[in-house]
Amino acid sequence: MSDNKDKLKQRRSQAWYGKQDKDGFIHRSWMKNQGYPNHAFDGRPIIGICNTWSELNPCNSGLRDLAEYVKRGVWEAGGVPVEFPVMSLGETQMKPTAMLFRNLLAMDVEESIRAYGIDGVVLLGGCDKTTPGQLMGAASVDLPTIVISSGPMLNGKFKGKDIGSGTDVWKFSEAVRAGEMKLVDFMDAEAGMSRSKGVCITMGTASTMASLVEAMGMSLPTNAALPAVDARRMTLAHMTGRRIVEMVDEDLKFSDVMTKESFINAILTNAAVGGSTNAVVHLLAIAGRVGVELGLDAFELGSEVPLLVNCMPSGKYLIEDFCYAGGMPAVLAEIESLLQPAKTVLGGDISAYHDGAECYNRDVIRPLTEPLKPAAGLRVLRGNLAPNGAIIKPSAATQALLEHEGEAYVFENIEDLKAKIDDPDLPVTKDTVLVLKGCGPKGYPGMPEVGNMPIPAKLVQQGVKDMVRVSDARMSGTAYGTVVLHVSPEAQAGGPLALVKTGDRVRLSASQGSLDVLVDETELAARRANWQADDPHYTRGYAKLYIDHVMGAEHGADLDFLVGKDTRLVTRESH
Ligand code: FES
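First, a word on scope: everything that follows refers to the structure included in this document.

Cut-off values and rules
Residues numbered from 1 in each chain as written. Predicted model: local features only at pLDDT ≥ 70, side-chain atom pairs only at ≥ 80, totals over all residues. Heavy atoms only, no water. Helix = DSSP H or I, 4+ residues; strand = E, 2+ residues; numbered from the N terminus. Rg over C-alpha atoms; globule rule 2.2 N^0.38 Å. Contact = heavy atoms within 4.5 Å. Areas by Shrake-Rupley, 256 points an atom, 1.4 Å probe, with all protein chains shown as cover. Lys, Arg positive; Asp, Glu negative; His and termini not counted. Charge placed at Lys NZ, Arg CZ, Asp CG, Glu CD. Salt bridge = Lys/Arg side-chain N within 4 Å of Asp/Glu carboxyl O. Buried < 20%, exposed > 50% of the residue type's maximum accessible area, 1.4 Å probe, protein only. Pairing = 2+ DSSP bridges. Axes fitted to C-alpha atoms, helices over the stretch in contact; angles between N-to-C directions. Core = buried A, V, L, I, M, F, W, Y, C linked by side-chain atoms within 4.5 Å. Parallel < 35°, antiparallel > 145°, perpendicular 65-115°, else oblique. Left-handed = near helix turned anticlockwise from the far one by under 90°. Nonpolar A, V, L, I, M, F, W, Y, C, P; charged D, E, K, R; others polar.

## Some words on the overall build of the chain
Then comes step 1: Looking only at helices and strands, the chain features 19 helices and 14 strands.
Then comes step 2: Taking 25 Å as the expected radius of gyration for a compact globule of 575 residues, we find that the chain reaches 24 Å, a close match to that expectation.
Then comes step 3: Taking all contacts inside the chain whose residues are at least 6 apart in sequence as the whole, residues at least 24 apart take part in 77%.
Then comes step 4: If you sum the accessible surface of the chain, you get close to 22400 Å²; carbon and sulfur atoms cover 52% of it.
Then comes step 5: Side chains of the chain give 59 positive and 72 negative charges; the mean places of these two sets differ by 3 Å.

## Thoughts on the environment of Gln93
Then comes step 1: Inspection of the secondary structure puts Gln93 in the loop between strand E2 (80-85) and helix H5 (102-115).
Then comes step 2: In the structure, Gln93 is positioned 37 residues away from Leu56 in sequence and 7.1 Å away in space, judged by C-alpha atoms.
Then comes step 3: Setting aside residues no more than four positions away along its own chain, Gln93 makes contact with Leu56 and Pro58.

## Let's talk about the pattern of salt bridges
Then comes step 1: With the rule as written, the count across this model stands at 39 salt bridges.
Then comes step 2: The salt bridge involving Asp23 is made with Lys22; its shortest N-O contact spans 3.7 Å.
Then comes step 3: Owing to a relative accessible area of 12%, Asp23 belongs among the buried residues under this scheme.
Then comes step 4: The partner of Arg243 in a salt bridge is Glu246, and the shortest N-O contact between them spans 2.8 Å. With a gap of 3 residues between them, Arg243 and Glu246 both fall in helix H10 (residues 231-250), about one helical turn apart.
Then comes step 5: Relative accessible area serves as the criterion here: at 31%, Glu246 is assigned to the partly exposed category.

## Quick look at the sheet that holds E2
Then comes step 1: A sheet is described by the order of its strands in space; here 4 strands give the open sequence E2-E1-E3-E4, paired in parallel fashion. The sheet is open, and its two edges are formed by E2 and strand E4 (145-149), each paired on a single side. Geometrically, the sheet is characterised by an average inter-axis angle of 20° between neighbouring strands, direction not taken into account.
Then comes step 2: Alignment of strand E1 (residues 46-51) against E2, held across 6 bridges, turns out to be parallel.

## Section: the nonpolar core
Then comes step 1: In terms of nonpolar packing, the biggest core is built from 120 residues, with Ile113, Met218, Phe254, Phe263, Leu283, Leu294 and Phe322 touching the most fellow members.
Then comes step 2: Ranked by residue count, the leading element in this core is helix H13 (residues 278-290), at 9 residues.
Then comes step 3: Core analysis: the next-biggest nonpolar cluster, separate from the first, contains 28 residues, Leu381, Val410, Leu499 and Leu508 among them.

## Regarding the packing of helix H9 (residues 205-215) against H13
Then comes step 1: With their axes 10 Å apart at the nearest point, H9 and H13 run at an angle of 45° to one another. In terms of their interaxial angle, H9 and H13 are classed as oblique. Judged by the twist between their axes, the crossing of H9 over H13 is right-handed. In this structure, H9 uses Thr205, Thr208, Met209 and Leu212 to contact H13, whose residues at the interface are Asn278, Ala279, His282, Leu283 and Ile286.
Then comes step 2: Looking at the contact of H9 with H13 residue by residue, the classes come out as 5 nonpolar, 4 polar and no charged.

## Concerning the pairing of strand E14 (residues 514-517)
Then comes step 1: Alternating residues of E14 divide into Ser514 and Asp516 and Leu515 and Val517, and every residue in both groups is buried.
Then comes step 2: Where strand E13 (residues 505-509) and E14 come together, 4 bridges link them in antiparallel fashion. Opposite Val506, over in E14, you have Val517 as the bridge partner.

## Overview of unusual backbone geometry
Then comes step 1: The linkage connecting Met312 with the following residue, Pro313, adopts the cis geometry, with an omega of 5°.
Then comes step 2: Considering the arrangement of structural elements, one finds Pro313 in the loop between H13 and helix H14 (319-324).
Then comes step 3: The step from Ser488 to Pro489 runs through a cis peptide bond, and the omega angle for that step is 0°.
Then comes step 4: Looking at the element boundaries, Pro489 is found in the loop between strand E12 (483-488) and E13.
Then comes step 5: Residues other than glycine seldom take positive phi values, yet Asp142 does so here, at roughly 65°.

## Comments concerning the environment of Gly156
Then comes step 1: As for its position among the elements, Gly156 is in strand E5 (residues 156-158).
Then comes step 2: A residue is classified by how much of its surface remains accessible, and Gly156, at 0% relative accessible area, is buried.
Then comes step 3: Expressed as a C-alpha distance, the spacing of Gly156 and Asp168, which sit 12 residues apart in the sequence, is 9.9 Å.
Then comes step 4: Setting aside residues up to four positions removed in sequence, Gly156 forms contacts with Lys161, Asp162, Ile163, Gly192, Met193, Arg195, Ile201 and Leu318.

## Quick word on the pairing of E12
Residues in a regular strand project their side chains so that they alternate between the two faces of the sheet.
Then comes step 1: E12 sits mainly inside the fold: 6 of its 6 residues count as buried.
Then comes step 2: Relative to E12, strand E8 (residues 386-392) runs antiparallel, the two sharing 2 bridges. Within the sheet, the bridge partner assigned to Gly389 lies in E12 and is Ser488.
Then comes step 3: The pairing of strand E11 (residues 469-471) with E12 spans 2 bridges and is parallel. Within E12, the residue paired with Val470 across the bridge is Val484.

Next comes the structure, spelled out in structure tokens:
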């Protein structure tokens, strides 16, 4: 009994609601206008439900309902749920790019958690940047934290066939440009692609991050793939609510779960599921917050891991199929021998997440002995064109182009690309290396998903489907091609990418992990002496703060002053 009393005294929320003075009166009284009874403030865990629901973020549009199931679980376990909104980042809706605002969401999450009297947090996210943004913010406060994701939409349907978000959009759009698809069919495909609430149905960034969250033990098992509208996701939300209350009692914090071993498991899993290249910047940024030394080279750990999940864009199925085939428990069972022991939100080891798991469709989730591709992880590239690194996803590339040397054709920025890419006289061949500058974190700003630049129209008409493309941008997790991304330092920060000119020879070797421009150092130095950064696109507000403080892709493009955490309790009052 005395143990329990001590626990209540130490509970964070009691610094708000446990005081028998003017401050305690104010904190409790205003909350009571929502009908909370006295016993809600008697020391039981107050659980923040951090919700990214928004009608401007269709991928997260189911989260308002899902939060109600979390609340049921919290009440049932003896806690008090309090839902609060944070900024929502609708990947397909925001300009110039949702990634510009990932760090702003992270600040919103961090400061909301810190400022309010809560003991534990449930993160409700889904769309690409919402999961990492919420994790980054929560990491910097380090309370007991658990994730429940939106879940994927149902499979897309068009003319009797399954179609996948993103991946098929790029294909349809190229087909229209090549005159192989009628515009009316293109328009029809829109409605069939997005048939329910939920996130993209390919192994894009949303499902990648949900898969990695499960592999890191930050959600309950099966969270990654249950469709948004599947009743089992509502049950999972209920159980998530129950579990966070227990986590508060156990004082099982974010940093207890998100250890170096968990990040390594995420890197291995990202390879096995054919996950998004965006996982690199997000994992690096989260690691920076929680104080785990990761670094870009850690992603090489996944380079020899076989591709097991046969989902677009690396394979042919969709996330609903992945769920019915066994989802993440089946994948984790398959790569069991590679995984590091690591704690999860259940308090035990990650092995509990695949104990007894079975696979129900061996074409969707392949056995380790018969993978879809033998080595699926990302390759880290370095060289005189990317001294701080760049990445490529070989599983989504044309194998013959992974070792390639060709003449560069340079687009100075995105406007230059848009103006020229369909010019019938563009001096390019299938062997040209397309180079795009000005799309890094500072340059665009926000490091948009434009790295998979379109194939020039004149080459599309010749039947060219892929070329080597190099930029400081990211690409959508649903995209594919021989695309070198995240070149660092970026052009706008004065990286060597800024010095490349049309006609220079560029050499890519995925097997050697190298990316070079074949121009001698004296010439590069002369070009550097004449180089000037472009004027920044924003001179005020958050975007200016971002441009002034964003770090390179190899640091996850977090803001320099947000790295690390501050777990101190705020003691000053507003009244
Ligand atoms: Fe939101 Fe893909 S656009 S998950």
